[in-house]
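Architecture at a glance
Residue strings, one per chain:
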Amino acid sequence: MLEYAQRIRSLPPYLFAQIDQKKREKLAQGVDLIDLGVGDPDLPTPTPIVEAMKRAVEKPEHHRYPSYEGMLSFRQAVADWYKRRFGVELDPALEVVTLIGSKEGIAHFPLAFIDPGDVVLCPDPAYPVYKIGTLFAGGEPYILPLKEENAFLPDFRKVPQDVLKRAKIIWINYPNNPTSATADEAFYRELIDWAREHSIIVASDLAYSEVYFGDKKPMSILQIEGAKEVAIEFHSLSKTFNMTGWRLGMAVGNKNLIAGLGKVKTNVDSGQFQAIQEAGITALKLPEEELHKIRDVYGERRRVMVEALDRVGLEVFKSDATFYLWVKVPKGYSSASFVSMLLDECGIVCTPGNGFGEHGEGYFRISLTVPTSRLLEAVDRIGSLKL
Ligand SMILES: *Cc1c(COP(=O)(O)O)cnc(C)c1O
């Protein structure tokens, strides 16, 4: 009676439960916690976007059901942005679909292409939705470990033949959450060649393409010749424009893949509120300076924190993208025990690496998403650690 379905019962255990419990205890004791655990920008949405929303919400035509695939004007703005940012041409009517945040699309996508017994190649450590979406669709996740010696890129050529025969989708995510790793053109080119050879769908999650600090901008997989035959890319306004709460994203790429996702969406949701999409158009047309301002804040925080971690002898994976730091736990600790110690000794909350999958064990993740003054306080506290 009232039992959960198998798909819920078979969900992997929630690895943050222990740390969440401990966090509650500390808060109850009145500890001044600094939470470096959440990947949610603390900076506000840029004013022009908020102002556009205020105007849009007044329009009665936006108060009705939107279309599941999104307003053509928003999809056109996505196509224009892809052209300007990546030099990629997209047909807004067929190669772009609006999402209610990219998580929605990532979770729904396997329902369109995965039958029971099909394999989905999922990186580990990773954003958990790739694996969960696979399980919900009845598919089998096959783990591709992301290892430091491979710069946290998956070695897809190592997938055994029998698995490869059943594999239909491979998920990738660069710049990467949680490792902060980036991928270069050679990686994407090899991946696309391999995927075309084996008829595997490449699903690229590009949520962090605009959170970079070096001269080299992260690229879109669609810049690779032939990518549109096999690739779909998931993107979002969440991290780029500090809009996580607005729930606005998009999928772009191969038109059959977009149509397949669209078939799921027509049957599950009724699209995103048009006023939000209209504000999204303003976001995608913002002058680049707005993004420079955001990058400067994260860039400075990254520099300050990396320096502090270096001083106490903690080893950070060197990267110039994302607002995450992926740090090795010192000898004698596990991810869980080190994160627990940080909470006890410093009142700092971080995310244990194994929460992103078994191959995250031995690491922890720091999010640079607290005001800089708090981050400096965290730096002080870490500085006093005797490791
Ligand atoms: C934040 C995040 C997303 C999803 O963001 P939405 O707000 O749902 O658009 C997707 N992938 C990764 C890796 C993320 O970190």
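The structure presented is a predicted model; accordingly, all values stated were derived computationally and were not measured.

**Points about a negative patch on the surface**
Taken together, the side chains of Asp184, Glu190, Asp193 and Glu197 make up a negatively charged region of the molecular surface. Here Glu197 shows up in helix α8 (residues 185–198).

**Description of the site of the ligand**
Near the ligand, the surroundings consist of 14 residues, among which Asp205, Tyr208, Ser236, Ser238 and Lys239 are the closest. Measuring from an oxygen atom of the ligand, one finds a side-chain N or O atom of Asn177 at 2.9 Å. One of the side-chain nitrogen or oxygen atoms of Asp205 is found 2.5 Å away from a nitrogen atom of the ligand. In the complex, the protein chains occlude 94% of the 390 Å² of accessible area that the ligand would expose alone.

**Side note on the environment of Asp215**
Tracing the sequence through the fold places Asp215 in the loop between β6 (201–205) and β7 (231–236). As for Asp215 and Asp320, which are separated by 105 residues in sequence, their C-alpha atoms are 9.3 Å apart.

**Some remarks on the environment of Leu257**
Among the structural elements, Leu257 can be located in helix α9 (residues 255–268). When its relative accessible area of 7% is taken as the criterion, Leu257 is described as buried. Taking the C-alpha atoms as reference points, Leu257 and Ile201, separated by 56 residues in sequence, lie 8.6 Å from one another.

**Focus: the side chain of Asp118**
As for its position among the elements, Asp118 is in the loop between α5 (102–113) and β3 (119–124). No salt bridge is formed by the buried Asp118. Its closest oppositely charged neighbour is Lys168, at 4.2 Å. Separated by 2.8 Å, the side chain of Asp118 and the backbone nitrogen of Asp115 make a polar contact. For Asp118, the residues in contact, after removing those within four places along its chain, are Phe113, Gly139, Glu140, Arg166 and Lys168.

**What to know about the nonpolar core**
One broad trend across soluble globular proteins is that nonpolar side chains are buried collectively. Core analysis: the biggest nonpolar cluster contains 108 residues, and Leu36, Tyr82, Ile170, Val202, Met305, Phe364 and Ile366 have the highest contact counts within it. Top contributing element to this core by residue count: helix α11 (residues 288–311), with 8 residues. Two domains each put at least three residues into this core: domain 1 (6–44 + 289–383) and domain 2 (47–284). Once residues lying within four places of it in the same chain are set aside, the contact partners of Ile366 are Leu36, Met305, Leu309, Phe323, Tyr324, Leu325, Val327 and Cys350.

**Looking at the layout of surface pockets**
Each pocket or cavity is described by its volume, and for the largest pocket that value is around 1300 Å³. Secondary structure elements with two or more residues in the lining of the largest pocket: α2 (17–28), α5, β3, α6 (129–136) and β11 (351–352). Looking at the lining of the largest pocket residue by residue, the classes come out as 25 nonpolar, 12 polar and 12 charged. Split by domain, the residues of the lining of the largest pocket number at least three in each of domain 1 (6–44 + 289–383) and domain 2 (47–284). Here the second largest pocket is characterised by a volume of approximately 230 Å³. Leu153, Thr182, Ala183, Asp184, Glu185, Tyr212, Lys216, Lys217, Pro218, Met219, Asp320 and Ala321 together form the lining of the second largest pocket.

**Examining the sheet that holds strand β9 (residues 324–328)**
Taken together, the 3 strands give an open sheet; going across it, the order is β9-β12-β11, and neighbouring strands pair in antiparallel fashion. The sheet is open, and its two borders are formed by β9 and β11, each paired with just one other strand. One ladder, built from 5 bridges, connects β9 with strand β12 (residues 363–367); its direction is antiparallel. Looking across to β12, one finds that Val327 is bridged to Phe364. Sheet strands in contact with α11 are β9 and β12, and its direction is about 10° off that of β9.

**A word on the sheet that holds strand β5 (residues 167–172)**
On the basis of which strands lie adjacent, the open sheet formed by 7 strands has the order β2-β8-β7-β6-β5-β3-β4 and mixed pairing. The open sheet is flanked by β2 (96–99) and β4 (140–145), the only strands paired with a single partner. Averaged over all pairs of adjacent strands, the angle between their axes in this sheet comes to 20°, without regard to strand direction. In this sheet, β4 lies alongside β3 in parallel orientation, the contact comprising 6 bridges. Each bridged residue has a counterpart across the sheet, and for Cys122 the counterpart in β4 is Ile143.

**A closer look at the packing of aromatic side chains**
Throughout the structure, instances matching the rule amount to 23 aromatic pairs. Measuring from centroid to centroid gives 4.9 Å for Phe156 and Trp194, while their planes differ by 50°, and the two rings are tilted. Here the residue Phe156 occupies a position in the loop between β4 and α7 (161–166), and Trp194 occupies one in helix α8, the gap between them amounting to 38 residues. Taking 5.7 Å as the distance between ring centres and 65° as the angle between the ring planes, the aromatic pair formed by Phe187 and Tyr188 counts as edge-to-face. Accessibility classification places Phe187 together with Tyr188 in one group, the buried group. Put simply, the rings of Phe109, Phe113, Tyr127, Tyr130, Trp171 and Phe234 touch in pairs and so form one group of aromatic residues.

Definitions and limits used
Residues numbered from 1 in each chain as written. Predicted model: local features only at pLDDT ≥ 70, side-chain atom pairs only at ≥ 80, totals over all residues. Heavy atoms only, no water. Patch = residues over 30% accessible without salt bridge, like charges linked within 9 Å, V, L, I, M, F, W, Y side chains within 5 Å. Areas by Shrake-Rupley, 256 points an atom, 1.4 Å probe, with all protein chains shown as cover. Salt bridge = Lys/Arg side-chain N within 4 Å of Asp/Glu carboxyl O. Lys, Arg positive; Asp, Glu negative; His and termini not counted. Charge placed at Lys NZ, Arg CZ, Asp CG, Glu CD. Helix = DSSP H or I, 4+ residues; strand = E, 2+ residues; numbered from the N terminus. Near = heavy atom within 4 Å. Polar contact = N/O pair within 3.5 Å; in protein donor to acceptor, adjacent residues only side chain to side chain. Buried < 20%, exposed > 50% of the residue type's maximum accessible area, 1.4 Å probe, protein only. Contact = heavy atoms within 4.5 Å. Core = buried A, V, L, I, M, F, W, Y, C linked by side-chain atoms within 4.5 Å. Domains from an automatic or database assignment. 1 Å grid on protein atoms, 1.4 Å probe; cavity = no way out; pocket = protein on both sides within 12 Å on 5 of 7 lines; lining within 4 Å. Points joined across faces, edges and corners; volume = space filled by probe spheres on them. Nonpolar A, V, L, I, M, F, W, Y, C, P; charged D, E, K, R; others polar. Pairing = 2+ DSSP bridges. Axes fitted to C-alpha atoms, helices over the stretch in contact; angles between N-to-C directions. Phe/Tyr/Trp six-rings, centres within 6.5 Å; stacked < 30°, edge-to-face > 60°.

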